[in-house]
Amino acid sequence: MLQLFRNNSPFTVIVLSIFALVIKFQALLHPVAPVPVPGHFLYNYIIRALSFVFAHNGFAYTLLAIACILLQSLYIKSITIRHKLFPRYTYIPSYTFLLLTSIYPPFNSFSETLVVNWFLLGAMDIMFGFTQTNQPRKLIYNASFLLSMAALFQFTMLAFFLLLLVGMVMFRTFNLGEWSVALMGYFTPPYFLACILFLADRFRLFSEWRYIGYSLTSNVVSPFFLIVSIAGILILLGCGIYAMQQNVAMSNIYVRRDWTAVSFYLIISVFVAILTDPGIKTPWLITIPALSIVISHALMLEKNKRFSNFIFYFSLVFLAFCLWTNKY
């Protein structure tokens, strides 16, 4: 069964779509419409705009969220192929992302974190191209612009500015002009947003935006589910890191730098999730992209197929337990 996702056939997209509908069928049966979050005015404007199309139809919002999750899984697979993060082309990262986003029901609802993940994935994709490009300043500006857009949605996303600094240090030799472009790209979105809010006499919204909370366990109902889910993810992550050490050791210097950036992405996202406003019901969704990429190593270990098959079936059992525990 694992071989279905290891293939690089276009028909695998159909298998992934069916897999996504099956594991997220419970969310479709019990759809939830998004609600405005105090202080997160950009997200609230998006909800207000979507309400003209979907009204308060929870099924439409949930279907939109699942479609976004499926597209993000395919985008992650595209990133890994384009930048050669794995020794072979495969849909395993897409499978892992779909699985991890199904362990907690709120992950399958439309949320601010789901929107922010688009900006972070786009920035990471662009940063991986810093090393081999004829237009480095264009890429640097675009990456910093996207990271800044993520920060406008959620104040704690400012921490991802560290990821930009890591990318500039690892992927580029020091160039004062390029660092100036990076800062220009990062300050462009808040500058124009501040101008728009000032002209609309809503500049006070910026004071509500600056908020840091604590979201370690605030949105989890069952302590038993929390303990088992953390244990399951740590087991998968540990196996992924173990396999990654073997795979990355055979890669070139550029790929090893990319994996260093992914590691920083994961570490920063964990701290951001912890310090996120408790009003956000899915703060840990921000960690799933980096987690899925790292864990995918365990499912792609060619030298020990028994190990990869065990991890695959363990992941399915873990998913089944989470779906059963979180029955509506």
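Presented here is an overview of the structure given in this document. (Residues numbered from 1 in each chain as written. Predicted model: local features only at pLDDT ≥ 70, side-chain atom pairs only at ≥ 80, totals over all residues. Heavy atoms only, no water.)

## What to know about the nonpolar core
Here is step 1 of the chain: If you look at the biggest cluster of nonpolar residues, it comprises 104 residues, and the most contacted ones within it are Leu120, Met157, Phe160 and Trp259.
Here is step 2 of the chain: At 10 residues, helix H7 (residues 112-127) tops the list of elements feeding residues into this core.
Here is step 3 of the chain: Sequence-distant contacts of phenylalanine 160, defined by excluding residues within four places in its chain, comprise Leu120, Leu147, Tyr265, Ile268, Ser269, Val272 and Ile286. (Core = buried A, V, L, I, M, F, W, Y, C linked by side-chain atoms within 4.5 Å. Buried < 20%, exposed > 50% of the residue type's maximum accessible area, 1.4 Å probe, protein only. Helix = DSSP H or I, 4+ residues; strand = E, 2+ residues; numbered from the N terminus. Contact = heavy atoms within 4.5 Å.)

## Some remarks on the pattern of salt bridges
Side chains that differ in charge, positive against negative, can pair when their charged atoms come close.
Here is step 1 of the chain: As enumerated under the stated definition, the model contains two salt bridges in all.
Here is step 2 of the chain: Note that aspartate 125 is salt-bridged to arginine 82, the shortest N-O span being 2.7 Å. Remark: arginine 82 occurs in helix H5 (residues 58-82) and aspartate 125 occurs in helix H7; sequence separation between them is 43 residues.
Here is step 3 of the chain: Relative accessible area serves as the criterion here: at 44%, arginine 82 is assigned to the partly exposed category.
Here is step 4 of the chain: With its nearest N and O atoms 3.0 Å apart, the salt bridge here joins glutamate 178 to arginine 172. (Salt bridge = Lys/Arg side-chain N within 4 Å of Asp/Glu carboxyl O.)

## Describing the side chain of aspartate 125
Here is step 1 of the chain: In this structure aspartate 125 comes out as buried when scored by relative accessible area, which is 12%.
Here is step 2 of the chain: Of the polar contacts made by the side chain of aspartate 125, one reaches the side chain of histidine 83; its length is 2.7 Å.
Here is step 3 of the chain: Excluding its chain neighbours within four sequence positions, the residues that come into contact with aspartate 125 are Tyr75, Ile79, Arg82 and His83. (Polar contact = N/O pair within 3.5 Å; in protein donor to acceptor, adjacent residues only side chain to side chain.)

## Focus: the packing of helix H12 (residues 223-248) against helix H14 (residues 288-299)
Here is step 1 of the chain: Two numbers describe how H12 lies on H14: the axes approach to 6 Å, and their chain directions differ by 70°. Accordingly, the angle class assigned to the pair H12 and H14 is roughly perpendicular. As H12 runs across H14, the sense of the crossing is left-handed. Residue-level contacts link Ile233, Leu236, Leu237, Cys239, Gly240, Ile241, Ala243, Met244, Asn247 and Val248 of H12 to Leu291, Val294, Ile295, His297 and Ala298 of H14.
Here is step 2 of the chain: Per-class residue counts for the contact of H12 with H14 are 12 nonpolar, three polar and no charged. (Axes fitted to C-alpha atoms, helices over the stretch in contact; angles between N-to-C directions. Parallel < 35°, antiparallel > 145°, perpendicular 65-115°, else oblique. Left-handed = near helix turned anticlockwise from the far one by under 90°. Nonpolar A, V, L, I, M, F, W, Y, C, P; charged D, E, K, R; others polar.)

## Description of a nonpolar patch on the surface
Here is step 1 of the chain: A grouping of Phe11, Ile14, Ile18 and Val22 is seen on the molecular surface, where their side chains present a nonpolar patch of about 450 Å² in accessible area.
Here is step 2 of the chain: Looking at where isoleucine 14 falls in the secondary structure, it is placed in helix H2 (residues 11-23). (Patch = residues over 30% accessible without salt bridge, like charges linked within 9 Å, V, L, I, M, F, W, Y side chains within 5 Å. Areas by Shrake-Rupley, 256 points an atom, 1.4 Å probe, with all protein chains shown as cover.)

## Observations concerning the packing of aromatic side chains
Here is step 1 of the chain: What the rule picks out here adds up to 21 aromatic pairs.
Here is step 2 of the chain: Taking the centre distance of 5.3 Å and the plane angle of 40° together, the rings of phenylalanine 19 and tyrosine 95 count as tilted. Of this pair, phenylalanine 19 sits in helix H2 while tyrosine 95 is found in helix H6 (residues 92-100), placing the two residues 76 residues apart along the sequence. Residue phenylalanine 19 shares its accessibility class with tyrosine 95, and that shared class is buried. (Phe/Tyr/Trp six-rings, centres within 6.5 Å; stacked < 30°, edge-to-face > 60°.)

## Here we look at the environment of leucine 234
Here is step 1 of the chain: Structurally, the position occupied by leucine 234 is in helix H12.
Here is step 2 of the chain: Sequence separation between leucine 234 and isoleucine 295 is 61 residues; the distance between their C-alpha atoms is 9.9 Å.

## What about H2?
Here is step 1 of the chain: The end-to-end C-alpha separation of H2 is 19 Å, in line with the 18 Å expected for 13 residues at 1.5 Å each.
Here is step 2 of the chain: Thr12, Leu16, Phe19, Ala20 and Ile23 are the residues of H2 that are buried. The arc enclosing the buried residues of H2, seen along the axis, measures out at 100°, which places them on a common side. Among the exposed residues of H2, those pointing more than 90 degrees away from its buried face are Phe11 and Val22. (Expected span 1.5 Å × (residues − 1). Arc of directions from axis to C-beta.)

## Digging into unusual backbone geometry
Here is step 1 of the chain: Phi at alanine 55 takes a positive value of approximately 55°, unusual for a residue other than glycine.
Here is step 2 of the chain: The topology assignment puts alanine 55 in the loop between helix H4 (41-54) and H5.
Here is step 3 of the chain: Judged by relative accessible area, which is 42%, alanine 55 ranks as partly exposed.
Here is step 4 of the chain: Its identity as a non-glycine residue notwithstanding, lysine 84 has a phi of 55°, on the positive side.
Here is step 5 of the chain: The topology assignment puts lysine 84 in the loop between H5 and H6.

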